[in-house]
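Here is how the chains run, residue by residue.
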Amino acid sequence: MANNMSENSKFALPVSNDGDTNVLSMIYRFFKKVSIVGAVYLVGYMQWSVAWLIGPVVLSVLRDQWRRENEYRRNLAKVVAVSSEKDVVLARLDDLPAWVFFPDVERAEWLNRILLQVWPNVNHYAKTILKETIEPAVAESLANFKLNGFKFERMILGTIAPRVGGVKVYDKNLSRNEIIMDVDLFYAGDCDISFVLQRIRGGIKDLQIHGMLRVIMKPLITKIPLVGGLQVFFLNNPSIDFNLVGAADILDMPGFSDILRRCIIEQVAKMMVLPNKLPIKLSDEIPTVDLRMPDPEGVLRIHLVQAQNLMKKDVSMIGKGKSDPYAIITVGAQQWKTKHIDNDVNPRWEFWCEARVMQSLGQALEIEVFDKDDGNDDDKLGRCSLDISQVVSAGRLDTWQTLQQAKHGKVHLRLSWHRLSTELADLNQALLEVQLIKNSELSTAVLSVYIDSCKNLPNARAQSKPDPYLQITLGKKTENTAVQMRTDCPVYEIGHSFLVHNPNIDMLEVKVIDQKTGNQLGILMYSVASLLKQNNLTMLPQPINLQKSGPESKIILALQLKILKEAVKEDLEEEAEAPPTPEPLPAAPAPDATDAAPPVMIPPAPTGETDNTSEKSIPVERIVRQVDTPQESQPQPENDTPKLVHRVSSLTTSAGEAGLGRILLSLRYSILNQTLYVVVHKIMNIPLKDPTNVPDPYVKLYLLPGRAKESKRKTLVVKDSCMPEYDETFEWVIPHAELHSRQVEVTVATHKGFLGGSPVIGQVIVHLNQYDFREAKTLWFDLLPEVVPRD
């Protein structure tokens, strides 16, 4: 297993060889000490409060700690990036998904050598994108934070090429005219990028990008290059990290870095995170519209109902107060934010939104919950992730999701999948559904727009051709194209999709605007209802006259309307092109033949990770049927919450070796994310000493050694029960090298006691060095008397 990773010298972090005798270093240390002594003297001389001295020191310590943690993480990633392919593949062998076509190390080395060979050309292309696309967009985003004048000066991406960690080629449920490939892409290079921001010069080094990239090759043709074009995109937002250097280093605090990182991620998302794709045309025989016209697979309707038992982050005069929670919902590049609710750890949002889904297989719905505070330092209350293919398989899904990266809390989601139809008869049903929900924001159709070009635009200034761009609006959504410089016949070849509330009344508006003057060069107002009269609700590419423009001014575009149709279970079973359901894995067997362990859900790896221990998803209806009919092994749905749809009653009557009861736990460790997951399922046969005083049990967990407050986790309290069920998931980030020396202390206590105390019922110490974590473990443990002092 990957135990040898920490022992392998090739993965050890480099040790700095910089000498301390350097003259400049000595001068720096001298003036630093003088400054410290001077500050102490000044505070005493001026008789200021000691807070003037302690405050900057505390901020400096926190800043140094934050920088050291980030530097360590970046250095570790760089060491992996420059290591041999063989070392990396072997080290990650247990974390590679089952579909990877290597750990054949020779194939991995071959593929990465290709990337290294073409990297200089990609380097040049990437610099063009940074300068022409990313720079103006980031400058505009930073201006919203009163940070003006952003501009790249030097852009060198270095010699270290991206690395491929795994590849999947799909061979089922595809058309004969396409090839689909997923690539686990990781870049941790030696880039050197400098920029100017508000006359402060700074730089970006140690840039790292990691995400799942999908490449669709279509259509297949009979001539070289055999593929007409490519569509390249990230399924979900990639993780991006970097280090600020130069004069901007003084601003390298979490606040500024987060703003800059957020702006860069937003621009990458606009380019190539679903529903946005980066199309590449390879053959002139293929019409551009075939590659760039958006083709959604369906629409995911999301109803975020409420949350329960969120963490308390606000501080009041008597200790911990409540929280002011809000949620951010993300599907690829699409994002929504709920309102915040004051002083409530059980908020009810009743928030609705809809996501256009281009590829359901592999894409995730993510929920992040925050506590709203003054400023930009909102506290995180947890996150959860759900594979959209689960909703596609089930049609409808009503689920509670346990929040990860939090001590406790869960959110209630109601989801429905709507496939797209070109049958006009489906429109009335779609309009009726929206009326029944009584939400004016929901849609009944999707409009795909492809704009090829404009012809014979008027001049915005005398004796000068315009710099035109397009502003495309439908409802409340507006999309802007790139600016075409000095031309009256701009070519855009761009596609966008829009949600349509009511095709009978909605209008598509396209404005042609000159960037230099801001003047409008022409406008097109197109009634969506006109498409209802077209064959297959489609208008093929054709020129249309622009209004309020020149006499010969035209815009060439194509339109396609598709109507939302809820995918009920019968429809899903009949669809030949439905995404494949991943094969389920059997439930982990109980260690005792007399103890029939229930089907459990091990929490999957976070989005972007493909862990070989993650369980696969199946429709909820099938879970219920199979649980009602006992079998030797049960399929396990992949879900960030371990909450079960139905549970088989345990046949055990044992109260354990000490007569204190037994507890069912699941354990899993992700090497890729260095995270330990523990699921507390249920407790059986807690002894009832007094029938008039039934316990209110809960479970408290610590990661040992240390019993630090940060490592404490706690379940909900179950009232009046000797056989409580929890199904709550907890996680700790632990380096793999430290895993063998750690233990998990699991304590079962009752909330009933003297002045609300927590008398212990029983305890278990789980020694992690006793388990092989190449597979998830689901085990019964006997509760024993307490062996360590309570906190």
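Residues numbered from 1 in each chain as written. Predicted model: local features only at pLDDT ≥ 70, side-chain atom pairs only at ≥ 80, totals over all residues. Heavy atoms only, no water.

*Asks:* Whenever I open this one, the sheet that holds strand β31 (residues 725-733) confuses me. Can you help?
*Replies:* Strand pairs in the sheet, formed through backbone hydrogen bonds, run parallel or antiparallel to each other. As summarised here, the arrangement of the four strands in space is β31-β28-β27-β34, forming an open sheet in which the pairing is antiparallel. Of all strands in the sheet, those bounded by a partner on one side alone are β31 and β34 (777-782). When the angles between neighbouring strand axes are averaged without regard to direction, this sheet yields 25°. Pairing of strand β27 (residues 662-670) with strand β28 (residues 675-684) involves nine bridges; the strand directions are antiparallel. Its bridge partner lying in β28, leucine 665 is registered against valine 680. (Pairing = 2+ DSSP bridges. Helix = DSSP H or I, 4+ residues; strand = E, 2+ residues; numbered from the N terminus. Axes fitted to C-alpha atoms, helices over the stretch in contact; angles between N-to-C directions.)

*Asks:* Honestly, the environment of aspartate 190 in this entry has me stumped. Any pointers?
*Replies:* Note that aspartate 190 resides in the loop between β3 (179-188) and β4 (192-197). Under the relative-accessibility criterion, aspartate 190 is labelled partly exposed at 31%. Counting along the chain gives 18 residues from aspartate 190 to glutamine 208, while the straight-line C-alpha distance between them is 9.5 Å. For aspartate 190, the contacting residues outside a window of four places in its chain are Leu157, Gly158, Thr159 and Ile160. Only 3.0 Å separates the side chain of aspartate 190 from the backbone nitrogen of threonine 159, close enough to count as a polar contact. (Buried < 20%, exposed > 50% of the residue type's maximum accessible area, 1.4 Å probe, protein only. Contact = heavy atoms within 4.5 Å. Polar contact = N/O pair within 3.5 Å; in protein donor to acceptor, adjacent residues only side chain to side chain.)

*Asks:* Explanation requested: unusual backbone geometry in the structure shown.
*Replies:* When glycine is set aside, most residues are seen to have a negative phi, and most peptide bonds are trans. In this structure, the amide linkage connecting isoleucine 224 to the following residue, proline 225, adopts the cis form with an omega of 15°. Position of proline 225 among the secondary structure elements: in the loop between β5 (200-217) and β6 (229-234). For the peptide bond that leads from leucine 274 to proline 275, omega is 10°, which places it in the cis range. Of note, proline 275 is situated in the loop between α6 (254-272) and β8 (278-281). One non-glycine residue with positive phi stands out, namely glutamine 405, at about 55°. The class for glutamine 405 is partly exposed, based on a relative accessible area of 42%. Here lysine 548, not a glycine, exhibits a phi torsion of approximately 55°, which is positive.

*Asks:* So what exactly am I meant to see when it comes to the confidence of the model for the protein chain here?
*Replies:* Residues shown with low pLDDT carry predicted positions that ought not to be read at fine detail. The predicted model of the protein chain has a mean per-residue pLDDT of 77, with 72% of residues at 70 or higher. When pLDDT is averaged over each helix and strand of the protein chain, the minimum, 31, is found for helix α11 (residues 620-628) and the maximum, 97, for strand β19 (residues 445-455). Segment residues 1-21 is flagged for pLDDT under 50; beyond a separation of four residues in sequence, or across chains, it makes 34 contacts in the model. Between residues 575-652, whose pLDDT stays under 50, and residues either more than four places distant or in other chains, the model counts 197 contacts. (pLDDT = per-residue confidence, 0-100.)

*Asks:* Honestly, the layout of surface pockets in this entry has me stumped. Any pointers?
*Replies:* Picture a little ball the size of a water molecule; that probe, rolled over the atoms, points out where space is still empty. Considering only enclosed or pocket space, the second largest pocket measures out at about 1,400 Å³ in volume. If you trace the second largest pocket, you find 42 residues lining it, with Val122, Pro162, Leu185, Leu213 and Met272 closest to the centre. Listed by contribution, the elements that provide at least two residues to the lining of the second largest pocket are α5 (105-143), β2 (163-169), β3, β5, β6, α6 and β8. Among the elements that take part in the lining of the second largest pocket, α5 stands out by supplying 13 residues, more than any other. (1 Å grid on protein atoms, 1.4 Å probe; cavity = no way out; pocket = protein on both sides within 12 Å on 5 of 7 lines; lining within 4 Å. Points joined across faces, edges and corners; volume = space filled by probe spheres on them.)

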